[in-house]
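Architecture and fold: a report
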Amino acid sequence: MKNPIFITYFVIIPLFAAFSIALIGKYVRRLYVDIASSVFCFLLLFFSFYSVAVLRNSANPAMVYNVGGWIPPFGICMVLDGLSSFMLVTVNLVAFFICIYSLSYMEKYTDKPKFFTLFFLMLAGMNGLIVTGDLFNLFVFLEIASIASYALVAFGTEAEELEASFKYAIMGSVASSFIFIGIAFLYGFTSTLNMADMARILSTKANIWVMPFVAVLFLMGFGLKAALVPFHAWLPDAHPSAPASISAMLSGVLIKTLGVYAMIRIFFNILGITDIYLSALMFLGGLSLITAVILALSQWDLKRLLAYHSISQIGYIFLGIGLGTPLGILGGLFHLFNHSVFKSLLFLNSGAIDYAINTRDLREMSGLKQKMPVTANTNLIASMSIAGIPPFNGFFSKLIIILACIQKGFLGYAVIAVIGSLLTLSSFMKVQKYAFLGELKEKYRHIKEVPLAMRLSMTGLAIICIFGGLMLLSDVKFFLDSAVNVLLEGRNYAQAVLEAALR
Amino acid sequence: MTLYFLCLILFCIGLYGVLRKRNLVKIIVGLGIIEYSMNLFFVLLGYKMHGRAPIDAQNQDILNMVDPIPQALVLTSIVIGLGVTALLISIAIRIYDKYGTFDITKIKRLKG
């Protein structure tokens, strides 16, 4: 397809949605805002599946849209390749379900149109970051998504939420500064900002001193955005403080897009991956995996417990990708998809409990299964997924990661991954025991199950959790394989993009 | 080279402000200093001694011009910095309403 314009829709649709809802949201009835946001989310989901189909049928590994007709490296280009389409499906799938959920959930807050404005702005930032082929553009989209998320964390404007948001905003801005300096160094060295062109120029220069320096800057910056362990302090405060649908969005896709995707795109496709970077990623992954899960064990606040588990699961993703073997990268990316599904489901469950009984403390709840069967059953499915119990999707991705560790001879990391999985299981058994099983407390006699929209989205995500493992079947495995191939190709990314741009 | 070192020093001053100061407003000022230092650094990357603006004029040979791209990028970055600063200040004002203080050692309801 010549100049595939549909790539721009991933940025245009959410930006248009954000600004139109901001403008007219005050003057029209709530129902129209609800319908408009669901339709926009559905369109995004449709186009992300469409992008997968188009990419599969096209002969080239990448498709490039030249903005304004300027051929890269002179203009900004938007690139759609296997990894981008994989991330687009992940982000927009989760965003669609969360949007449906928010229709009911956000009723208890006062200003729903403002919420959807910020939600779509964040979505525009994430989608833009995924499709862009220009390094500075990546920074701009990263900041759009970050600023929207700082505002969303403080959405309730209670004391704790403001405090968490301030902490998150300061740390996030410092991280952005590091990323900006890294981009400045790369620009100073290569005199180009196009990611493909930069990769081409860097591959012609051998052994330059600037590369490790830039890599460390990016590791700090994106590591903070991804909440890897030495940089994780903001996450357990920020994610629980946001409204539940936003916690799901932040934990489910934001840390993956801003942190994992941006980091692996730059490390694998631009800087060119070496063993040192890989071992650094693996070490940080293993450290996050085990530290965060131990910290999670002692938590009594349900959302804070889930937030610590987000850090731990990010550790799994980095451990898998850091192995650098095809199997390891497959496991890491598959776990990325699975984690975004089940972690957003878990956060939506915690929001449903909060909606019904107005507390997040595990010790306060008991026996909710009798009154809230949908929440309890979907939570059971998500808990078993995150703990890695067959046949749910989390089991397969963790199994692949552990097998890949053994295959490459890292037995220590494999043992850490197994121990982390066991601790995850124990911590989610605690959730099940305290929240859903046992006697129903007297004061909760009259609680009701949550409204239909919330039940629908939770059920939808639970179904994906159950059947997620089927993505490894050979008929649909191309979806994961095309993403893995982009990373394995490394700097050949440059060639693919530059060729596709000229067509 | 001296100019780059001055940028680094400015960056470190900003980082010191963010890390060591206890007042919310001073932290925001520190963040502002960090942003200025990196903008300055980026502009310096494209600067040449005695260079001129890259504007094409009639009957003139442009021999020594500065790189215009960092200037364009820094403009974007300044706008982003403005957005972040505005958001941070509004959050700081709301925090003052809730807690009655700007001192971060007294603002610690979140823990664990």
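Since we're looking at a predicted model, the values are computed, not measured.

Notes on the overall build of chain A
Per the secondary structure count, chain A includes 19 helices and two strands. Along the three orthogonal principal directions, the C-alpha set of chain A runs to about 70 × 60 × 45 Å. Across the 503 residues in chain A, those meeting the buried criterion constitute 62%. Within chain A, counting contacts between residues at least 6 apart in sequence, those at least 24 apart form 81% of the total.

Regarding the overall build of chain B
A tally of helices and strands in chain B yields three helices and zero strands. When the helices and strands of chain B are listed from N to C terminus, the series reads α-α-α. Scaling as 2.2 N^0.38, a compact globule of 112 residues should have a C-alpha radius of gyration of about 13 Å, whereas chain B reaches 20 Å, well beyond that. With respect to the principal axes defined by its C-alpha atoms, chain B has extents near 65 × 25 × 20 Å. Across chain B, contacts joining residues at least 24 apart in sequence account for 48% of those joining residues at least 6 apart.

A word on helix α15 (residues 393-408) of chain A
Residues and elements named next belong to chain A. Here α15 contains 16 residues, and its C-alpha end-to-end distance of 23 Å stays within 8% of the 22 Å for a straight helix at 1.5 Å per residue. On the buried face of α15, the contacting elements are α12 (302-323), α13 (326-357), α14 (373-387), α16 (411-436) and α17 (452-467). Where α15 terminates, the next one or two residues include G409, which has phi positive at roughly 90°.

Considerations on the interface of chain B and chain A
Contacts between chain B and chain A engage 27 residues on the former and 28 residues on the latter. Among the secondary structure elements, those contributing two or more residues to the side of chain B that touches chain A are α2 (24-45) and α3 (68-99) of chain B. The biggest single contributor to the side of chain B that touches chain A is α3(B), with 14 residues. The residue makeup of the side of chain B that touches chain A, split by class, is 19 nonpolar, four polar and four charged.

Section: the packing of α12(A) against α16(A)
All names here are of chain A. Two elements in contact, α12 and α16, have axes whose closest approach is 11 Å; the angle formed by their N-to-C orientations is 160°. With respect to α16, the axis of α12 lies roughly antiparallel. Once α12 is placed against α16, the crossing between them reads as left-handed. Between α12 and α16, the residues in contact are L302, L305, H309, S312, Y316 and L319 and Y413, A417, G420, T424, S427 and V431, respectively. Partitioning the contact of α12 with α16 into residue classes produces seven nonpolar, five polar and no charged.

Focus on the nonpolar core
Residue and element names in this part refer to chain A. With 227 residues, the main nonpolar core has A95, F120, M122, A145, L345, C465 and V497 as its most contacted residues. When residues of this core are assigned to their parent elements, the largest contribution, 19 residues, is made by helix α10 (residues 244-272). Apart from the residues within four sequence positions on either side, A95 is in contact with C41, L44, L123 and M249.

Details of the pairing of strand β1 (residues 62-66) of chain A
Residue and element names in this part refer to chain A. With respect to burial, β1 is a largely interior element, four of its five residues being buried. Sheet topology note: the β1/strand β2 (residues 77-81) ladder contains five bridges and is antiparallel. By the bridge assignment, V64 is partnered in β2 with V79.

Quick word on the packing of helix α5 (residues 135-153) of chain A against α10(A)
All names here are of chain A. Between α5 and α10, the shortest axis-to-axis distance is 12 Å and the interhelical angle comes to 160°. Taken together, α5 and α10 sit at an angle that is classed as roughly antiparallel. Crossing of α5 over α10 shows left-handed handedness. Together, L138, L142, A145, S146, S149 and L152 of α5 and I246, L250, L254, L258 and A262 of α10 make up the contact between the two elements. A class-by-class count of the residues in the contact of α5 with α10 yields nine nonpolar, two polar and no charged.

Overview of the pairing of β2(A)
Most of β2(A) is tucked away, with five of its five residues classed as buried. Across the two faces of β2(A) the burial is the same, with A:C77, A:V79 and A:D81 and A:M78 and A:L80 all buried.

Details of helix α11 (residues 275-297) of chain A
Residues and elements named next belong to chain A. For α11, with 23 residues, the first-to-last C-alpha span of 33 Å sits near the 33 Å given by 1.5 Å per residue. Among all positions in α11, only Y277, L281, M282, L284, G285, G286, S288, L289, A292, V293, L295 and A296 are buried. Elements that come into contact with the buried residues of α11 comprise α8 (210-226), α10, α12 and α16.

Some details on unusual backbone geometry
Residue and element names in this part refer to chain A. Geometrically, the link from P390 to P391 is a cis peptide bond, its omega value of 5° lying close to zero. Residues other than glycine seldom take positive phi values, yet T157 does so here, at roughly 50°. Note on placement: T157 falls in the loop between α5 and α6 (159-190). Notably, N358 is not glycine yet its phi reads approximately 60°, a positive angle. Structurally, N358 can be placed in the loop between α13 and α14.

How each quantity is defined
Throughout, residues of each chain are indexed from 1 in the direction in which the sequence is written. Starting at A for chains and at 1 for ligands, labels are handed out in the order in which the entities are written. Selection of residues for local features in this predicted model requires a pLDDT of at least 70, selection of side-chain atom pairs for listing and counting requires 80 or more, and totals for whole chains, interfaces and linings are taken over all residues. Elements are defined by DSSP. Helices are runs of H or I of four residues or more, strands are runs of E of two residues or more, and each kind is numbered from the N terminus. Whether a residue is buried, exposed or partly exposed is read from the other C-beta atoms within 10 Å of its own C-beta, which are placed from the backbone; 20 or more gives buried, 12 or fewer gives exposed, and intermediate counts give partly exposed. It is the C-beta atoms, placed from the backbone, that decide contacts: two residues are in contact if theirs lie within 7 Å. The globule rule used for comparison is 2.2 Å times the number of residues to the exponent 0.38, while the radius of gyration itself is calculated over C-alpha atoms. By this rule, a helix spans an expected 1.5 Å times one less than how many residues it contains. Lys, Arg, Asp and Glu make up the charged group, whereas Ala, Val, Leu, Ile, Met, Phe, Trp, Tyr, Cys and Pro make up the nonpolar group; the residues left over, Gly among them, are polar. A fitted line through C-alpha atoms represents every axis, and for helices the fit uses only the stretch in contact; the resulting angles, taken between N-to-C directions, go from 0 to 180 degrees. In what follows, roughly perpendicular refers to angles from 65 to 115 degrees, roughly parallel to angles under 35, roughly antiparallel to angles over 145, and oblique to any angle outside these ranges. Should the near helix be turned counterclockwise from the far one by less than a right angle, the crossing is left-handed, whereas a clockwise turn marks it as right-handed. Note on terminology: a nonpolar core is a set of buried residues of type Ala, Val, Leu, Ile, Met, Phe, Trp, Tyr or Cys, with members joined through C-beta atoms within 7 Å. Pairing between strands is defined by DSSP: at least two bridges between them are needed.

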